[in-house]
Structure formats: C-alpha cells, structure tokens
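One-letter residues, chain by chain:
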Amino acid sequence: MTNQKTVTLTDDTTGKTWKFKVMEGTTGPDVIDVRTLYGQTGMFTYDPGFTSTGSCESKITYIDGDAGVLLHRGYNIAELAEKSDFMEVAYLLLNGELPSPAEKASFTSGIMRHTMVHEQLTRFYQGFRRDAHPMAVCCGVVGAMAAFYHDSLDINDPHQRMIAQYRLIAKMPTIAAMAYKYSIGQPFMYPQNNLSYAGNFLRMMFGVPAEDYVVNPVIERAMDRILMLHADHEQNASTSTVRLAGSSGANPFACIAAGIASLWGPSHGGANEAVLNMLREIGNKSNIPAFLSRVKDKADHTRLMGFGHRVYKNFDPRATVMRQTCHEVLASLGIKNDPLLDLAMEMEQIALKDEYFVSKKLYPNVDFYSGIIFRAIGMPESMFTVLFAVARTVGWISQWREMVEDPQSKIGRPRQLYSGQTERAFVPMHARG
Ligand code: CMC
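Residues numbered from 1 in each chain as written. Predicted model: local features only at pLDDT ≥ 70, side-chain atom pairs only at ≥ 80, totals over all residues. Heavy atoms only, no water.

*Asks:* If you had to explain the environment of Gln120 to someone new, which residues and values would you point to?
*Replies:* Looking at the element boundaries, Gln120 is found in helix α5 (residues 119–124). Of the residues examined, Gln120 reaches a relative accessible area of 41% and is grouped as partly exposed. A sequence separation of 28 residues divides Gln120 from Phe148, and the C-alpha atoms of the two residues are 8.4 Å apart. (Helix = DSSP H or I, 4+ residues; strand = E, 2+ residues; numbered from the N terminus. Buried < 20%, exposed > 50% of the residue type's maximum accessible area, 1.4 Å probe, protein only.)

Below you can see the structure in the form of structure tokens.
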C-alpha cells in the first residue's frame, strides 16, 4: 500500500502547521486537497482566474499545456482528427469509449432523428431584431428549449438526462442555422437527416428551399474536423460556467445557454471573429509592424487575436491540425488572392519569429486558423462563435452529465478576499457632503 502523500502549510508568523492530502490523477499534476483548509485554518485560497485551482475531478479530457497534448478519454486529438469523425468523438466524450459500428450507427441515427425543433420554437425567432447577433439569438433560443421540452428537465432521471443530451446536440445546428437564416431574411431550412451532421448543417446554412443543395465533400470534411477540434477542452471558462450553473440543479438547457453566454467573449470563443476584425483593421501587410508595436505596448491593451492560450504554452495541438486543414481547404477551393487570408499567413510567419511572442510562448491558437477557414468557405463572421458553440455543446453536455452523476458534486460557491468598507454607520442625506 502506498503512503498517502501530504503537504504541510506553515503560518510563518505563528509557526503553526497544517497537513493536507495530495490527490493523484492518472496523469498530470497532483492536486492539494484544500477542502478542509477553511475549517482548519480559517483562511481561504486566493486564485482569481483559477490558474492554480482544480474545480472538479473529471475523466473526459486531459491537457498537458507544456507538451501541447490534448486527449479525449485517452485518445490524442491529432489521431482523432485524422481517423475519426465528429459523431464518433461525441459518442466517445459522452460514453467514455469509442463506439462499435452498431453503437455508432445507433447513436448517429438517434442524433439525426432529433434535429427538428418544435414548430412553435421557430416562431420564437420573430421576436428578435433581424440584425441581432446570432450568439444572442442562440443564447435565448437554447435557454427557451426548457420551455418546450418539459419531458427532459428532470436532472435526476437518467433517461431524461439522456434525451436532453440528444436534443441539445441534435438541435444546436438547426437553431444556429435558423439564427443565420433569420438574419438574412431567408426561409428556414428544415434538417435533412440522411446527411452527415456537418453536411446537414451546411445545407441548413447555405441551402434554399427553391434549389437542391449539393454538399461539397471538402467543406463537409473541414467542417466535421472543426467540430471535432472544438468538441471539448477540459475546464475552460464556458465549461466551468456550465458546471457552475448546473451545480445548483438547473436544467441542462439553461446550463448550455449559460455556456453559450460565456463562450461569446472575445477572450474565449469570440476570438475567431475577432481575428478577422483585427486583420481588417490592419488592412495590408505594410501595416503589420505598426500593429505589432501596438500589441507590444502594454499601455495600448491591443492583443494579437488568435495568439496565446491560458494552458498551451508551447503549441496548441488543435491549431496544428487546423493549420493543415486550413491549407487543404484554401488549396482545394483554389483560393489564391484573398488579401485578408494572405495577410493572416504573413502575420503568422512574422509573429512566429518575433521575440515578443516567442519569449512569452504565444503561438497561434485554434481560433486563428478556424477564422480563416470559415472565411474561405463563405461562413459569415457573425456565425464563427456560433459554430464553436455547436461543437462545444457536446463537451458541455458531457461535462454537465459527469458532474450531475458525480456523488461528490456540490453547489459551486467560491469565496472572496473582501477589500471594501468595513461596517459603518448610515449617513443621513442632510449630513452627506
Ligand atoms: N497578444 C499579445 N500579448 C499577449 C497575448 C496576445 N494575444 N496573449 C497574451 N499576451 C501577453 C500578455 O500581455 C502578458 O504579457 P506580460 O507578461 O508582459 O503581462 C502575457 O502574454 C501573459 O498573458 P495573460 O493574459 O496573463 O495570459 P492568459 O493565460 O491569461 O491569457 C488568453 C490567455 C487566450 C486570454 C490570451 O492569450 C489572449 O487574450 N489571446 C487572444 C485571444 C484569443 O486568441 N483567445 C482564444 C483562445 S483559444 C480558444 C479557446 O479555448 O477559447
């Protein structure tokens, strides 16, 4: 039997010591179990941004940021991207193992049979302005699913949890494509279930009822890869949001809507849209040095969007696959003279050699390339983050289920270091200066 590892905390003023258990995972850094810290010491830990805090135990995704490794249920993302597809990765994330052929067929048809949304839900869209950002629409419509699917709200019923998971994964592309169609005033396209998940999404986005839509296999494959590469990413901001929302027992539709809200921010899922806005602002290659000077100037607060990552400090393994896919898509679509794409490639090369980025370990992340691919395939920029949300729904719901099914789960309730006023007497109006 191995001895329980511990660490000792010493109060340097009083000399008092306390011991804490160290927990070991199957791989990755050990964690100090500080659950008894407050009880023992009367102190909290202080960790804004949770850079040193493990918020849960999980068996779904493992990231080694220094080595640039991303594993889903033990399988390397690069291998999955090459040999697998989105439906298989979704099954893997949800169930822990790769599916057998029969399991995959049954899972895929189960998902594809849930793709339609309640007809009443389609009317919900009319309440939005046509120029609303599709993330705002998706956030609202996904939250509203709780008002439509009453038979999958009981989080304590495993069958209802399963149905909610199918509904969310299946209906997200429909909801997302409808948000786009609404914004351009075209009729909604009903899903076509004999297509692949990616192919069906492309048809709902770019097809019109008046014409047949033929899915381009290169774009379909690229879309499937993008979905796979974004499917899950451990305890990032949106996933932690989903878990925190769900920790109170909230229904899964509300939790995923919360995840969408968190993903929207430019430091997270909004980055790929921000990359293109940045490229447009730079305008042409001759402006790159001036832009990079602004990025390096701390007072300026400009960031090179699509570069850097909280966890990956060497390279983002998803970006490696995405870069290759990006070049494949550009070549197969014969895109040669797109000034924005040329600018992106030039920016990539310059930044990869620039001392500022090299020394701070800032490499292109997945969003740098996904933005470029989306532009190449004609995806409207406002839909970039929405697509990320479609893919990440799989990870969110897997993580949500793991949390709900974990007997250790508690309502999330962080504490704080209070630095405001201490208690003081109320000052009547006439006495205020
Ligand atoms: N451009 C310029 N400088 C940067 C950048 C950047 N993109 N990212 C980090 N830095 C600098 C930052 O100024 C800081 O410098 P210093 O040490 O001199 O103060 C240092 O690098 C560390 O930055 P940080 O903000 O402490 O790092 P973080 O881990 O909190 O930030 C990040 C991670 C992703 C928010 C950040 O790199 C960033 O804002 N990147 C641009 C937005 C982006 O592309 N986001 C997509 C992330 S990948 C998709 C996803 O998983 O959501």
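*Asks:* I'd love a proper account of the site of the ligand, names of residues and values included.
*Replies:* Around the ligand lies a shell of 20 residues, among which His268, Lys298, Leu304, Gly306 and Lys360 are the nearest. Here an oxygen atom of the ligand sits 2.5 Å away from a polar atom, N or O, in the side chain of Lys298. Interatomic distance of 2.9 Å between a backbone N/O atom of Phe307 and a nitrogen atom of the ligand. Isolated, the ligand exposes 940 Å² of accessible area, and the fraction of that covered by the protein chains is 76%. (Near = heavy atom within 4 Å. Polar contact = N/O pair within 3.5 Å; in protein donor to acceptor, adjacent residues only side chain to side chain. Areas by Shrake-Rupley, 256 points an atom, 1.4 Å probe, with all protein chains shown as cover.)

*Asks:* Pulling in residues and values, what's your account of the pairing of strand β5 (residues 69–72)?
*Replies:* Examined bridge by bridge, strand β4 (residues 61–64) and β5 share four bridges and lie antiparallel to one another. Looking across to β5, one finds that Tyr62 is bridged to Leu71. Here β4 folds back onto β5, and the loop between the two strands holds four residues, one of which, Gly68, carries a positive phi near 70°. Here two bridges tie β5 to strand β6 (residues 75–76), and the two strands are oriented antiparallel to one another. Along β6, the bridge assignment pairs His72 with Tyr75. Taken together, β5 and the strand that follows it, β6, pair antiparallel across an intervening segment of two residues, in which Arg73 is found at a positive phi of about 50°. (Pairing = 2+ DSSP bridges.)

*Asks:* Before we move on, can you summarise the pattern of salt bridges with the specific residues and values?
*Replies:* A full pass over the atoms with the stated rule returns 19 salt bridges. Note that Arg243 and Glu402 form a salt bridge whose closest N and O atoms lie 2.8 Å from each other. Separated by 159 residues along the polypeptide, Arg243 in helix α10 (residues 237–246) and Glu402 in helix α18 (residues 384–405) bring together distant segments of the chain. Side by side, Arg243 and Glu402 carry an identical accessibility label, which is buried. Here Glu405 and Arg401 are joined by a salt bridge, their closest N and O atoms 3.3 Å apart. With Glu405 and Arg401 both in helix α18 and four residues apart, this pair spans about one turn of that helix. For Glu405, a relative accessible area of 41% translates into the label partly exposed. Relative accessible area serves as the criterion here: at 15%, Arg401 is assigned to the buried category. (Salt bridge = Lys/Arg side-chain N within 4 Å of Asp/Glu carboxyl O.)

*Asks:* Help me get a handle on the nonpolar core, residues and values and all.
*Replies:* Core analysis: the biggest nonpolar cluster contains 119 residues, and Leu304 and Met379 have the highest contact counts within it. In contact with Met379, other than residues within four places in its own chain, are Phe201, Met205, Phe206, Met223, Phe374, Phe384 and Leu387. (Core = buried A, V, L, I, M, F, W, Y, C linked by side-chain atoms within 4.5 Å. Contact = heavy atoms within 4.5 Å.)

*Asks:* Any details on the sheet that holds β4? Residues and values, ideally.
*Replies:* Within the open sheet, the three strands sit side by side as β4-β5-β6. Their pairing is antiparallel. Because the sheet does not close on itself, it has two edges, and the strands there are β4 and β6.

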